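# Overview (structure and organization)
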Amino acid sequence: MRITKYEHATLQLALGDESLVIDPGVFLSHPDITGVVAVVITHEHTDHWTAEQVRRILEKNPDAKVFAPQGVADQADDLEIEVVAPGDTAQAGPFTLEFFGGQHAVIHESIPVIDNVGVLVNDELYYAGDSYAVPGIEVGTLAAPIGAPWLKIGEAMDYVLAVKPKRAFYVHDMTLSVAGKQMAAARLAWATEQGGGTFTELQPGETLDI
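To start, this report covers the structure provided alongside it.

### Description of the environment of Phe-100
Mapped onto the secondary structure, Phe-100 falls in strand β8 (residues 95–103). Here the alpha-carbon distance between Phe-100 and Ile-114, two residues 14 residues apart in the chain, equals 14 Å.

Structure follows, in structure tokens:
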């Protein structure tokens, strides 16, 4: 399986000619991805999805399924959304999806906590969206958050330590400067290495074969 990281939180997973897209948000500058059998949206914030980005993907891939929590479905009246929640599983082409978590990480007590699902793809890649939801099972590859209004780097390190992935790379990086990314990436690399894993820094458009 080949993972391509795009801007911020968007990922493309490819097996042969078929792809899965996760969190096509407002920062995505390359929505013209073909061969897409499914789109997974972890939650309703625009840095993780917009209706316009999803429509662009569906224009090229009209048969693609869209999986998302109820909060996204409530905002997507003109899109066909398959609502998912923690504990659900789904199949789309060669991709088996298992969903975890349930809630977005707390930003501040004044801001409502919204629906958020983490997703495990083919028992290999785990991405928790905007949460520290630990799946409680062995994770081969972890997409770990590196910067956000809700993120403290020590908590992100503890999250990686708890998951103990064999491999990790960072996502959710548009809120950081170049220097900030370098500093935070070093912390997540250390946390990955404590469990015997390896850490890779992927820039937009770069790939990781697993």
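### As for the sheet that holds strand β13 (residues 198–200)
Two strands in a sheet stick together by hydrogen bonds in their backbones, pointing the same way (parallel) or opposite ways (antiparallel). Here we have seven strands laid out as an open sheet, ordered β7-β8-β9-β10-β11-β12-β13, and mixed in their pairing. Here the strands that pair on one side only, and so sit at the sheet edges, are β7 (89–92) and β13. Each adjacent strand pair in this sheet contributes to an overall mean axis angle of 25°, direction not counted. Direction of pairing for strand β11 (residues 141–145) relative to strand β12 (residues 167–171): parallel, over a ladder of five bridges. The residue of β12 that forms the bridge with Leu-142 is Ala-168. Helix α3 (residues 153–163) contacts β10 (125–127) and β11 of the sheet and is inclined by roughly 165° relative to β11. This element, helix α4 (residues 178–194), spans β11, β12 and β13 of the sheet and lies at about 160° to β13.

### Regarding the pattern of salt bridges
Scanning all chains against the criterion turns up seven salt bridges. A salt bridge links Arg-167 to Glu-124; its shortest N-O distance comes to 2.5 Å. Linking Arg-167 in strand β12 with Glu-124 in the loop between β9 (115–121) and β10, this pair joins segments that are 43 residues apart in sequence. Glu-124 gets classed as buried once you look at its relative accessible area, which sits at 19%. Close ionic contact of Asp-173 with Lys-181 constitutes a salt bridge, the shortest N to O distance being 3.4 Å. Each member of the pair Asp-173 and Lys-181 is classed as buried. Each of Lys-5, Asp-173 and Lys-181 takes part in salt bridges that share partners, so that together they form one network.

### Describing the packing of aromatic side chains
Under the defined criterion, the tally for this structure stands at five aromatic pairs. Between the aromatic rings of Phe-67 and Phe-99, the centroid separation amounts to 6.5 Å while the plane-to-plane angle is 40°, which identifies the pairing as tilted. Of the two residues, Phe-67 sits in strand β5 (residues 65–68) while Phe-99 sits in strand β8, which places them 32 residues apart along the sequence. The residues Phe-67 and Phe-99 share a single accessibility class, namely buried. Each ring, one from Tyr-132 and one from Trp-150, has its centre 5.4 Å from the other, and the planes form 70°; the classification is edge-to-face. In this pair, Tyr-132 sits in the loop between β10 and β11 while Trp-150 sits in the loop between β11 and α3, placing the two residues 18 residues apart along the sequence.

### So, the nonpolar core
Core analysis: the biggest nonpolar cluster contains 27 residues, and Leu-13, Ile-22 and Val-121 have the highest contact counts within it. The next biggest cluster of nonpolar side chains, apart from the first, holds 26 residues, and it includes Ala-144, Ala-148, Trp-150 and Met-157.

### Topic: the pairing of strand β3 (residues 18–22)
Within β3, four of the five residues are buried, which leaves the element mostly enclosed by the surrounding structure. Pairing analysis gives five bridges linking strand β2 (residues 11–15) to β3, with the strands arranged antiparallel. Paired with Gln-12 across the strands is Val-21, a residue of β3. In sequence, β2 turns back onto β3 through a hairpin of two residues, with Gly-16 there showing a positive phi of about 65°.

### Re the pairing of strand β1 (residues 2–5)
Relative to β2, β1 is paired through four bridges, and the arrangement is antiparallel. Note that in β2 the partner of Ile-3 across the bridge is Leu-13. Counted along the chain from β1 to the antiparallel partner β2, the turn is five residues long, and its residue His-8 has a positive phi close to 60°. Bridge count between β1 and strand β14 (residues 207–209): three bridges; the pairing is antiparallel. Directly across from Arg-2, in β14, lies its bridge partner Asp-209.

Each value, and the rule that gives it
Residues numbered from 1 in each chain as written. Predicted model: local features only at pLDDT ≥ 70, side-chain atom pairs only at ≥ 80, totals over all residues. Heavy atoms only, no water. Helix = DSSP H or I, 4+ residues; strand = E, 2+ residues; numbered from the N terminus. Pairing = 2+ DSSP bridges. Axes fitted to C-alpha atoms, helices over the stretch in contact; angles between N-to-C directions. Contact = heavy atoms within 4.5 Å. Salt bridge = Lys/Arg side-chain N within 4 Å of Asp/Glu carboxyl O. Buried < 20%, exposed > 50% of the residue type's maximum accessible area, 1.4 Å probe, protein only. Phe/Tyr/Trp six-rings, centres within 6.5 Å; stacked < 30°, edge-to-face > 60°. Core = buried A, V, L, I, M, F, W, Y, C linked by side-chain atoms within 4.5 Å.

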